[in-house]
Structures are given as C-alpha cells and as structure tokens.
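The chain contents come next:
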Amino acid sequence: APVQVKKICCIGAGYVGGPTCAVIALKCPHITVTIVDLNQARVDAWNSKDFDLPIYEPGLVDVVKQARGRNLFFSTDVDKAIREADLIFVSVNTPTKKSGVGAGFAADLNYVESATRRIAAVATSDKIVVEKSTVPCRTAESMRTILEANSKPGTHFDILSNPEFLAEGTAITDLFSPDRVLIGSLQTESGQNASQALAAVYANWIPKERILTVGLWSSELSKLAANAMLAQRISSVNALSAICEATGANIDEVAHAVGFDSRIGPKFLRASVGFGGSCFQKDILNLVYLSESLHLPQVAAYWRQVVEMNEYQKSRFSKTVVDTLFNTITGKHIAVLGFAFKADTGDTRESASISLIRDFLSERAYVTIYDPKVEVAQIWQDLQEACPTTPLAQIQKYVNIVHSAAEACEQKEAIVIATEWKEFLDIDWQHVYDLMTKPAFVFDGRLLLDAEKLTKIGFTVKTIGRGGRV
Ligand code: UDX
Ligand code: UDX
Ligand code: ADP
C-alpha cells in the first residue's frame, strides 16, 4: 500500500523548489517540509527575519510567513534532511551545457547527478525520490541506476517524475490552482504506490481529476512538449507580427481573431520582442538534442526553428530602432524600460532586454535602464556576459542604471519598452515628450502602450506587429 508521506525534503531552494515546497507546506500542515540548498547565502535569505527572500514572486512572502517555523524549514544540512524524509524532491538547476558533448543544447546534469549520489550515500531507509527539475527524457532512469548501484542493503528507492508547470510572476496562484499535476512512475506495483503517495500529498488542495498519473517517460516528455508548444505559439505569432508590420495588418486584431477559434484558444498569443525565461529556450534545445540523439533530424530542425524565430524577432526589433532613428544610433541616448524577461519577476535569464541592449551597445549608443525589480548587480553581470570581450568599465561608460521610469526617460531620443511592467502605463508621457529631442520616438516591444494617445502628443510610435505609423 502507498506510504503516508510525513516528511518531505526538497533539494534546491531556487525558483522552482522554493515556491513549490513552500506551498506544499502551507497546504499540508501535517507534513514537515525542509528545503535545503548548498548555497548558504540563499538559505539565509529564505530564513531572513524581515522576509527578504532570495526571489521576488507575488504572494510568496505571505506563504512563507504562514508556514516558516511551523512545518516549513530552510537549511544547508542536506544530509540530515535526506535521512529524515520519506519523500525527496530533486529541484536543482539544469542549465544548458556550455562545453563538451551537446554544448549549447544538452542539459548539464551534473547537479542532478550529485544530488542523486548524495541521496544514495546518506539514505538509511526507503525513499521516494521525485525528479522536479526540468530534465531531458530518461533522466529518471539514470537517477534510478545511480540510486540502485549505490544503495545500502535494505533501502529501496522509487523514482517519480513530477514536472513543475508554474510560470514566474504567477507561481503562487499557479501552485494554488494548477491546470494539472503530472506524476510519472514505473508501472510496477511499487512505482504505482509511490505515485499514489505523492498524489495524496497534492490531493490536500487539488481536485483529484486534475492529478494525472502516467508513465515515467511520458511525464518527462510532457514537460518538454508543453514548453515547446507554448514557445511555438509565441514564435508563430511573432512571425505573423513581421508580416503585419510589412502590410499594415494589426497583430492584435489577427491574434484576437485567430484565438477566437476554440480549437486554438486566446491565451499565449501575445506578440512580443521575443520570449525569455529559464525554460523555453532550454527545453526546446533539449528537445532538439534529444531528437538528434534519436536520429530524427527533421524533428530536430522543426523545433530548432522556434528558437531561431525568437532570435530573429529580437534582432528585427533592434534593427527597427536603428532604422527608424535615421539608420544610426551611435552617440544617441536610448531609455530601455524593463530588464526582466517578463513582468512581475526580478528574473533576467534569457531576457530579450539583454539582447536589445547588447545590440544598442554594439552601435555605441548610450543606454539608460530602469526595471522595478531587477537588482543593479544582476544587470551588470548580464551585460558583462552578453559582451564578454568588452571590459565592464567600458560598458559602464555607455550604460546608466536608474531607479525610476521618469528618470530613465529624461532627455532621451528614444524610449524602448522591453518588459510589460504595468507601472509604465503611468508615465507622464506629455512631460517626457516635452523634454525629448524631436522627433521623439517610442518603441513598444510589448504591445503595452496606448499608441494613439502617444501619437496625439506628438511621438512617433513603433509597436511590434503594427504597420507604419499608428
Ligand atoms: C514557462 C511556462 O509557462 C511554465 O509552464 C513552465 O513551468 C516554465 O516556463 P515562465 O518562463 O516562467 O514559464 O513564463 P511565461 O509566462 O511562460 O513567459 C515566458 C516568456 O514568453 C516571457 O518572456 C514572456 O514575456 C513571453 N510571452 C509569453 C510572450 O512573449 N507572449 C505570450 O503570449 C506569452
Ligand atoms: C480546415 C479548418 O479546420 C477549417 O476551419 C477551414 O475552414 C478549412 O480547413 P478541414 O480541412 O475541412 O477544415 O478539416 P479539419 O478538421 O481541419 O482537418 C484537416 C486535416 O487535419 C484532416 O486531414 C484531419 O484528419 C487532420 N487533423 C485534424 C489531424 O491530423 N489531427 C487533428 O488533431 C486534427
Ligand atoms: P530553478 O529555476 O530550476 O529552481 P535555481 O538555479 O533557481 O534553478 O535553483 C537551483 C538551486 O539548487 C540552487 O540554489 C543551487 O544552489 C541548488 N543546488 C544545486 N545542486 C545542489 C545540491 N547537490 N544540493 C543542494 N542544493 C543544490
């Protein structure tokens, strides 16, 4: 029969493990949840008295306030938490490999492997080990092999795949009422019991019909597939936005009309300067790598095009800025509003903003950046990584980071919206316009602003997916 889970350990206190297991603790007061991480500073931040948490996520502080110290704990004592737990989430980072076989495509499974080896080394009782990080298909199988080869006599491990579908910025509401929870297991008696044990944890707040139990490999592939298909919708709508700009059609109208077809649906059809985030690109590149490893080159090429379209969209937008500013931005002053990969997060991984600013800097433009949530140090780090051959001091000669949108917009030749932060709607555009060199340009990469209103003030507005002057 399925065990009753009383103690959960989560290895990895990042964007996935932190919010997910904090919500489990909140919803399951009878389960003790310990989230562990090797990174002392990160754990300290999770434990900080004034709830200065290491990640920004709407609603997260409330959750941690309610559960921390009650049945939710953060610690660097990985071994102790492993030893005591019945169920262990492995929720460590799986970045794209930077060198070696599969560099640029395959996932770096180093962190997963060392966490798995740690579990095998210290566990003295049976464990359910849950793969929570996004990983390529068949990782669970490798984890199982490592655990079995290293387990002590009498300890039994069951492996589950339980991919996370939360989106940053809405993580807490996504976790409170997910569209579905997916649990993959081996179709053995022991595997199915483990699957039921985890399902029972989620059943504390999620309707049973939304908890899907499937095979191990279907579960792993579903995560890659869901992200690939979501990203594909954005690349599709972005490809159409290029046609709109060239023809005078309006991407808002097209997306609206297309999305009305119930077979297509209205969500995730918002044209943009390009998708970012830690998942989409990484997961598609994983799918590409997997397809190639399986000798399916046509399948690989199909998915690779989704990422190529995204690269094209980003460079197309920076080219629009240069072209519009009379074919040169050298020495011109550009405000970039937004640095995060989407609104309501401080996360900058793969943010389109980084590519835009890199392009502007390569033209030797002066760039002023404002983002309400991204740390200044993070911006410098990202720009240094984007321009590896330029010394930071040189980058800093051209880049200025400020603390309000109003300050960023002062006396610029062009203003670029790179992230759809709501507060950009409250900018005093008449005031901004009065101070700008004329003609004054606004480039909206997020379909955020009221272009008609700005045009009335006098701006020249270029919006993704809208032909000519609005
Ligand atoms: C994504 C998936 O949505 C989530 O299910 C998975 O678990 C992790 O990856 P996330 O990357 O956090 O989540 O955010 P998401 O809302 O999906 O946005 C990703 C990127 O696509 C952002 O840059 C966003 O601005 C962009 N986007 C999204 C668009 O450009 N247009 C859209 O219509 C939707
Ligand atoms: C299509 C559009 O659906 C319709 O809106 C448009 O006006 C005309 O083109 P139709 O070609 O008649 O309609 O049939 P549809 O049901 O869309 O099927 C097209 C093809 O796709 C068929 O061969 C069908 O078997 C296939 N298909 C459809 C799949 O292989 N899988 C699916 O999930 C759906
Ligand atoms: P994600 O977005 O997938 O959650 P993050 O990078 O935000 O990724 O978080 C992953 C966390 O996992 C990091 O804080 C990292 O320090 C932690 N981590 C990686 N390997 C181990 C390990 N072997 N033991 C404990 N924590 C680990």
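Bear in mind the structure is a predicted one, so any value in this text is a computation, not a measurement.

**Remarks on the domain arrangement of the protein**
Next up, step 1: For the protein, the assigned domains read domain 1 (7–206) and domain 2 (280–463).
Next up, step 2: For domain 1 and domain 2, the distance between their C-alpha centres works out to 34 Å.
Next up, step 3: Contact with domain 1, which involves 13 residues of that partner, is made by 14 residues of domain 2.
Next up, step 4: Looking at the side of domain 1 that touches domain 2 residue by residue, the classes come out as eight nonpolar, four polar and one charged.

**Re the UniProt feature "domain: UDP-glucose/GDP-mannose dehydrogenase C-terminal" (unreviewed entry) in the protein**
Next up, step 1: On the UniProt side, "domain: UDP-glucose/GDP-mannose dehydrogenase C-terminal" (unreviewed entry) is annotated at positions that read residues 335–451 here.
Next up, step 2: Across residues 335–451, the secondary structure splits into 36% helix and 16% strand, with the terminal C-alpha atoms separated by 17 Å.

**Here's the deal with the packing of helix 9 (residues 216–247) against helix 12 (residues 297–324)**
Next up, step 1: Direction vectors running N to C along helix 9 and helix 12 enclose 45°, while the axes themselves pass 9 Å from each other. For the element pair helix 9 / helix 12, the angle class is oblique. The interaxial crossing formed by helix 9 with helix 12 has left-handed handedness. Where helix 9 approaches helix 12, its residues Ala 228, Ala 231, Gln 232, Ser 235, Asn 238, Ala 239 and Ala 242 are matched on the opposing element by Trp 303, Val 306, Met 309, Asn 310, Gln 313 and Arg 316.
Next up, step 2: For the contact of helix 9 with helix 12, the residue count by class is seven nonpolar, five polar and one charged.

**As for helix 8 (residues 189–202)**
Next up, step 1: Between its terminal C-alpha atoms helix 8 stretches 20 Å, which fits the 20 Å expected from 14 residues at 1.5 Å a residue.
Next up, step 2: Those residues of helix 8 that sit buried are Ala 194, Ser 195, Ala 197, Leu 198, Ala 199 and Val 201.

**A look at the site of ligand 1**
Next up, step 1: Every one of the 19 residues lining ligand 1 counts as a neighbour, but Arg 270, Ser 272, Phe 275, Gly 277 and Cys 279 are closest to it.
Next up, step 2: Of the residues forming the shell around ligand 1, the biggest block, three residues, is contributed by helix 9.
Next up, step 3: Class assignment of the residues belonging to the shell around ligand 1 gives a composition of 11 nonpolar, four polar and four charged.
Next up, step 4: Residue assignment places the shell around ligand 1 across two domains, with domain 1 (7–206) and domain 2 (280–463) each supplying three or more.

**Some words on the nonpolar core**
What tends to happen in soluble globular proteins is that the nonpolar side chains get buried as a cluster.
Next up, step 1: The biggest cluster of nonpolar side chains holds 136 residues, and the ones touching the most others in it are Ile 8, Ile 88, Leu 337 and Val 416.
Next up, step 2: Among the elements that line this core, the one with the most residues is helix 9, at eight residues.
Next up, step 3: Ignoring anything within four residues of it in the chain, the contact list for Ile 88 reads Cys 9, Ile 11, Ile 82, Ile 119, Lys 127, Val 129 and Val 130.

**Quick look at the UniProt feature "active site" (unreviewed entry) in the protein**
Next up, step 1: Under the UniProt annotation, the feature "active site" (unreviewed entry) is placed at Cys 279.
Next up, step 2: One can find Cys 279 in the loop between helix 10 (251–259) and helix 11 (280–293).
Next up, step 3: Contact partners of Cys 279, with chain neighbours within four places excluded, come to Thr 134 and Asn 227.

**As for the packing of helix 9 against helix 10**
Next up, step 1: Packing of helix 9 against helix 10 brings their axes to within 9 Å, and their N-to-C directions diverge by 135°. One way to sum up the angle between helix 9 and helix 10 is to call them oblique. Our pair here, helix 9 against helix 10, has a crossing hand that is right-handed. Contacts from Val 237, Leu 240, Ser 241 and Cys 244 of helix 9 reach helix 10 at Ile 251, Val 254 and Ala 255.
Next up, step 2: Grouping the constituent residues of the contact of helix 9 with helix 10 by class yields six nonpolar, one polar and no charged.

Conventions we followed
Residues numbered from 1 in each chain as written. Chains lettered and ligands numbered in written order. Predicted model: local features only at pLDDT ≥ 70, side-chain atom pairs only at ≥ 80, totals over all residues. Domains from an automatic or database assignment. Contact = placed C-beta atoms within 7 Å. Nonpolar A, V, L, I, M, F, W, Y, C, P; charged D, E, K, R; others polar. UniProt positions renumbered as here; feature names shortened; annotations may be inferred. Helix = DSSP H or I, 4+ residues; strand = E, 2+ residues; numbered from the N terminus. Axes fitted to C-alpha atoms, helices over the stretch in contact; angles between N-to-C directions. Parallel < 35°, antiparallel > 145°, perpendicular 65-115°, else oblique. Left-handed = near helix turned anticlockwise from the far one by under 90°. Expected span 1.5 Å × (residues − 1). Buried ≥ 20, exposed ≤ 12 C-beta atoms within 10 Å, placed from the backbone. Near = placed C-beta within 6 Å. Core = buried A, V, L, I, M, F, W, Y, C linked by C-beta atoms within 7 Å.

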